[in-house]
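# An overview of the molecular structure
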Amino acid sequence: MVMNPDTLSQLLPGRQVEWHQSLPSTMYRASALAREGAPHGTIVGAEEQTQGEGRMGREWHSAAGEGLYFTVVLRPQLPPRDSPMLTVCLGLAVAEAISRLTPLRCDLRWPNDVLIGERKVCGILVKYEEGAFLAGIGVNLEQQGFPQGLATPPTSLAMEGQAGIPREELLTMLAELIDSYISMLEKGGKQGIINTFLLASSYARGRAVEVDFGSHRERGITDGLNEDGYLWLRLPSGEKRLVVAGGVRPTQP
Ligand code: BTN
């Protein structure tokens with residue numbers, strides 16, 4: 001069912017919400033809204049995206065009615081370099097929303113993957129543009145299959161036995177949880193969020209992974225986050241390397 005803008009305004013009082021039938025990407029529209037001065041918490045969503053954008057230049061499959069695709073314009077009291085911490089907050093919010101609305105439990109893989117088991121159910125893309133953070137969230141809901149060859153094996157709530165979760169309810173809960181994790185970050189500082197992430201993510205410590213740095217790949221064992229929310233990787237030599245960008249994948253045995 002198409003999201004009804006009036007229902008959304010009632011469910012999200014005091015918040016600017018735009019919902020489109022089709023957009024190239026909610027990220028582009030959010031960027032334009034941020035340029036026009038859209039307030040903190042503004043949400044722009046679409047039933048489908050024709051140029052859905054993933055991390056590292058990848059495409060995000062965004063067929064109509066199959067997922068929840070939206071971007072929130074965020075203006076927290078945080079500098080642009082805190083964007084990894086915001087990504088961590090968003091992952092925590094998505095995992096908690098799914099656990100409140102379904103019996104499913106999510107895992108988090110730094111920086112932005114929300115997983116069920118080893119399969120990705122949600123992607124998060126944070127950009128700093130036009131003086132605001134743009135937080136793009138794509139949750140796989142009703143898909144029964146995906147194209148071959150995606151970087152991480154995907155899943156959807158339907159494939160996990162949870163078809164038909166009302167998107168309005170998921171969006172409303174996500175909006176509240178995003179606010180609450182961001183205010184925890186603003187008021188309580190980074191360490192509380194980092195500790196929460198360490199508890200919520202089986203990947204944060206002690207996992208054998210391969211990191212794709214773009215120019216090269218390295219294997220190692222994850223070793224927590226630093227004080228800015230970047231991932232530590234312990235190399236086989238014992239040396240510690242800070243991962244500030246790149247794809248983290250489990251090492252194939
Ligand atoms: C990833 O690669 O994991 C990030 C995917 C982010 C997808 C969402 S869907 C809503 C928003 N609009 C986009 O074009 N991308 C993000």
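Everything below is about the structure printed above this text.
The structure displayed is predicted, hence computed values, not measured ones.

## A short note on the overall build of the protein chain
A count of helices and strands for the protein chain gives 5 helices and 12 strands. The C-alpha atoms of the protein chain give 17 Å as radius of gyration, which agrees with the globular expectation for 253 residues (18 Å, within 12%). Here the C-alpha coordinates of the protein chain stretch approximately 60 × 40 × 35 Å along the principal axes. If you take every contact in the protein chain between residues at least 6 apart in sequence, the share linking residues at least 24 apart comes to 63%. Carbon and sulfur atoms make up 50% of the accessible area of the protein chain, which amounts to about 11,200 Å² in all. Charge-centre separation for the protein chain: the mean point of 24 positive side chains lies 6 Å from the mean point of 29 negative side chains.

## Details of the layout of surface pockets
Roughly 530 Å³ of internal volume is contained in the largest pocket. Of all elements in the fold, only helix H2 (26–35), strand S3 (67–74), strand S6 (119–129), strand S7 (132–140) and strand S12 (247–250) reach the threshold of two or more residues within the lining of the largest pocket. Of the residues that constitute the lining of the largest pocket, the class distribution is 14 nonpolar, 15 polar and 7 charged. Considering only enclosed or pocket space, the second largest pocket measures out at about 300 Å³ in volume. Elements represented by at least two residues in the lining of the second largest pocket include exactly helix H3 (83–101) and S6.

## Description of empty space enclosed by the protein
Throughout the structure, instances matching the rule amount to 1 cavity of 30 Å³ or more. Counted as a void, the largest cavity has a volume near 50 Å³. Every residue along the wall of the largest cavity is listed here: Thr87, Val88, Gly91, Leu108, Arg109, Trp110, Pro111, Asn112, Asp113, Val114, Ile124 and Phe197. The element contributing the most residues to the lining of the largest cavity is H3, with 3 residues. Of the residues in the lining of the largest cavity, the class split is 7 nonpolar, 3 polar and 2 charged.

Conventions used here
Position labels on residues start from 1 in each chain and follow its written sequence. Residue-level local features of this predicted model are given only where pLDDT is at least 70; pairs of side-chain atoms are given and counted only at 80 or more, and the full residue set underlies all totals for whole chains, interfaces and linings. With hydrogens and water stripped out, all remaining heavy atoms of the structure feed into the side-chain values. Only runs of H or I of at least four residues qualify as helices and only runs of E of at least two qualify as strands under DSSP, and these elements are numbered from the N terminus. Radius of gyration means the value over C-alpha atoms here, while the globule rule gives 2.2 Å times the residue count to the 0.38 power. Working rule for contacts: check all heavy atoms of both residues, and any pair within 4.5 Å makes them a contact. Reported accessibility uses the Shrake-Rupley method at a 1.4 Å probe radius. Residues are deemed covered only where the shown protein chains occlude them. In this tally, Asp and Glu contribute negative charge and Lys and Arg positive charge; neither His nor the terminal groups of the chain are included. Note on charges: their place is set at NZ of Lys, CZ of Arg, CG of Asp or CD of Glu. The way it works is a 1 Å grid over only the protein atoms, where trapped points that fit a 1.4 Å probe form a cavity and open points with protein on both sides within 12 Å along at least five of seven lines form a pocket, and then any residue with an atom within 4 Å of a point lines it. Grid points are joined across faces, edges and corners, and a volume is the space filled by probe spheres set on the points. Residue polarity follows a fixed list, in which Ala, Val, Leu, Ile, Met, Phe, Trp, Tyr, Cys and Pro are nonpolar, Asp, Glu, Lys and Arg are charged, and the others, Gly among them, are polar.

Read these as spatial facts, not as claims about activity.
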